[in-house]
Amino acid sequence: MRRAGLLMLLVAALYSIPLVSAPYVLHILVLCCLYAIPAVGLNLMLGYTGLVSLGHIAFAGIGAYTAAYLMVDLKLGYWSALALAVAASGVAGAVIGAICLRFRSHFFMIVTLAFGLMLYSVMNNWDEVTRGAAGFPGIPRPAGFGPLESFYRLALGGALVAFAVQWLVVRSSFGRILVALRQDERLAEAKGVNAALCKTAVFALGSALAGLGGVLLVSFLRVAAPASFNLAESINAVLIVIIGGAGSLAGPILGALLFVGLPELLRVAAEWRLVVFGAILVLITLFAPNGIADLIARGWNRLGR
Amino acid sequence: MAAALLEQLVNGLMTGSIYVLIALGMVLIYGVMHVLNFAHGVLFMVGGYVCHFFYTRLTGSYTAALLLSMATLALIGAGIERSIFRPLQGNLRNQVIASLGLILVIENLVVAIWGPNALQMKTPATEHLISLGELRFPLQHLMIIVVTSVVVAALFAFLKWSKLGTALRATSQDRNAAMVVGIPVERVDVASFALGTALAALGGALVGPLFLVFPQMGDAPMVKGLAGILLGGMGSVPGAVIGGLIIGVAESVSTLFLPTDYRDSIAFAIMVLILLARPRGLFGVRMRGEA
């Protein structure tokens with residue numbers, strides 16, 4: 001009960017940040033939220049189920065371009081276009097996921113990577129629909145969420161929705177099945193779990209969350225560009241989940257904060273900042289293999305004792 | 001049509017050779033250490049830069065620059081193995097993550113040192129055209145194919161007959177058994193990593209003069225090399241050669257029928273289709289840790 005209260009307090013604090021904060025900080029916080037949403041989806045796949053997808057952000061691209069097409073070319077309203085785009089990402093995730101999931105470990109990673117690159121190539125080259133490499137301009141923000149302060153609240157809302165979905169899944173019996181599949185797939189199957197179906201379902205769910213993040217991202221930037229959904233971004237999503245702590249509820253959120261925030265803090269070092277950042281990443285895999293969330297949890301426990 | 005087909009065949013063999021060099025390095029490392037090094041593409045890129053440095057700044061001889069670049073990258077590869085991949089041995093997921101982090105470090109280090117713009121590296125072999133029937137190719141195309149064939153033959157001989165090569169094969173077949181018969185497996189790990197990155201450096205140094213030397217030049221070849229490995233069968237050295245060549249030729253020939261924009265997708269589509277039909281690839285070998 002006390003934890004719920006603390007969480008409410010935190011959300012209220014986050015909601016009222018625009019009252020006190022500079023636009024620069026707010027901009028960064030919006031990006032944190034928008035990076036966190038697909039990362040939450042990936043955390044369900046990678047952290048809980050053990051599926052390392054290297055093409056995750058391509059599904060954000062499917063959502064983003066579907067929304068862009070529906071809003072700009074078909075003049076559909078914002079919220080219905082958003083819902084349809086999220087559904088499209090989920091369906092694409094189910095279909096492509098079903099193919100990828102026929103492979104295991106390294107093979108799975110490489111096939112997801114290949115699909116990510118193929119989807120990127122479609123976004124980059126299908127000029128009639130996606131406007132090609134120049135990007136798809138003129139994507140609206142929903143009515144009432146135009147200025148930065150109110151868009152921040154939309155992004156925060158999106159991140160909260162993603163977090164809530166993750167929380168509901170993890171504490172459900174479906175969530176426990178996912179963890180069982182990660183730990184020992186054969187044993188889980190022997191207990192009557194339909195492994196292929198459950199893994200496809202979590203792939204679809206993760207992709208739908210990625211789609212939500214993609215739509216909000218392009219409506220924040222007001223343009224959908226293929227470069228927002230390339231291989232590097234998919235790799236970034238994996239890094240966010242891992243730094244934060246794969247398989248922990250707060251992991252992807254912490255990871256996104258660190259991923260977006262740390263390079264900003266290191267800005268003094270200009271062109272060396274990504275080098276330093278990458279080095280920190282490697283150090284985390286070497287010395288804190290369970291991510292920041294685990295590090296904080298251990299520190300907290302030690303303090304409590 | 002026949003001339004166009006021949007032209008694309010030569011182009012395909014050239015790009016395929018580059019994919020083979022990348023794929024061989026990755027397959028050696030994967031076979032011995034069971035590590036999938038996604039940073040292999042950036043090491044290929046560093047090979048191009050180092051070769052450019054030695055060629056334009058120090059020696060002025062392309063061959064010397066090529067060999068120096070391979071030697072430098074072998075040292076870098078050995079260093080990476082010792083400092084990053086050995087401590088993470090057995091943790092498959094974190095090895096992959098560390099290699100992704102390495103991509104960030106190395107790529108941005110290169111940008112910080114050499115700047116983000118592409119560098120030119122003109123060699124006599126790119127200027128000199130040779131004719132093949134009615135077609136004309138830069139000599140560099142043929143040089144890439146010939147050098148790769150020689151290197152592949154040498155690698156096979158090394159693996160088959162040399163003591164270290166035999167130790168390498170033994171370690172990749174069964175690490176524990178290799179240890180029991182007294183093979184220093186950790187030294188074999190370093191050797192395979194150094195050899196693999198040297199092959200990547202050779203690839204980067206060979207394409208550098210043809211296309212430009214730029215920070216992302218290794219991204220696509222790395223993924224194509226991976227596709228080649230999967231196609232040939234993970235862990236199979238001859239498979240990596242055949243797979244890399246198939247990918248190179250298929251994507252070049254496909255440009256005759258399909259828009260060139262989709263060339264990259266062709267390689268992946270072929271890979272996924274073949275894998276669905278033959279999950280272990282064309283020359284599939286059973287790997288440790290898999291049923």
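Bear in mind that the values here come from a model prediction, so they are computed numbers and not experimental data.

Right, let's talk about the overall build of chain A for a bit. In terms of regular secondary structure, chain A is built from 15 helices and two strands. Along the first, second and third principal axes, the C-alpha set of chain A runs to 50 × 45 × 40 Å. Considering chain A as a whole, with its 305 residues, one finds that 49% of them fall into the buried category.

A word on the confidence of the model for chain B. Residue and element names in this part refer to chain B. Chain-level statistics for chain B give a pLDDT mean of 86 and a share of 97% at 70 or above. Looking at the elements of chain B, mean pLDDT is at its lowest for helix 5 (residues 124-127), recorded as 77, and at its highest for helix 9 (residues 185-207), recorded as 93. Counting interchain partners and residues more than four positions distant, the pLDDT-below-50 stretch residues 287-291 has three contacts.

Compared with an ideal rise of 1.5 Å per residue, which puts 18 residues at 26 Å, helix 4 (residues 56-73) of chain A spans 26 Å between its outermost C-alpha atoms and is within 8% of the ideal. Taken across its 18 residues, helix 4 of chain A has 16 buried, putting it largely inside the fold.

Turning next to the interface of chain B and chain A. Listed by partner, the interface residues are 35 residues for chain B and 31 residues for chain A. At the level of secondary structure, the elements contributing two or more residues to the side of chain B that touches chain A comprise helix 4 (92-114), helix 10 (219-232) and helix 12 (263-277) of chain B. When its residues are assigned to classes, the side of chain B that touches chain A shows 27 nonpolar, five polar and three charged.

Attention shifts here to the environment of Pro215(B). Within the secondary structure layout, Pro215(B) lies in the loop between helix 9 and helix 10. According to the C-beta neighbour criterion, Pro215(B) is buried, with 22 such atoms within 10 Å.

Among the nonpolar cores identified, the biggest contains 198 residues, and Ala114(A) and Val238(A) are the most heavily contacted of them. Broken down by element, the residue count for this core peaks at 16 residues, all from helix 1 (residues 2-33) of chain B. Apart from the residues lying within four places of it in its own chain, the contact partners of Val238(A) are Leu42(A), Leu46(A), Val52(A), Leu54(A), Ile97(B) and Leu100(B).

Calculation notes
- Residues numbered from 1 in each chain as written.
- Chains lettered and ligands numbered in written order.
- Predicted model: local features only at pLDDT ≥ 70, side-chain atom pairs only at ≥ 80, totals over all residues.
- Helix = DSSP H or I, 4+ residues; strand = E, 2+ residues; numbered from the N terminus.
- Buried ≥ 20, exposed ≤ 12 C-beta atoms within 10 Å, placed from the backbone.
- pLDDT = per-residue confidence, 0-100.
- Contact = placed C-beta atoms within 7 Å.
- Expected span 1.5 Å × (residues − 1).
- Nonpolar A, V, L, I, M, F, W, Y, C, P; charged D, E, K, R; others polar.
- Core = buried A, V, L, I, M, F, W, Y, C linked by C-beta atoms within 7 Å.

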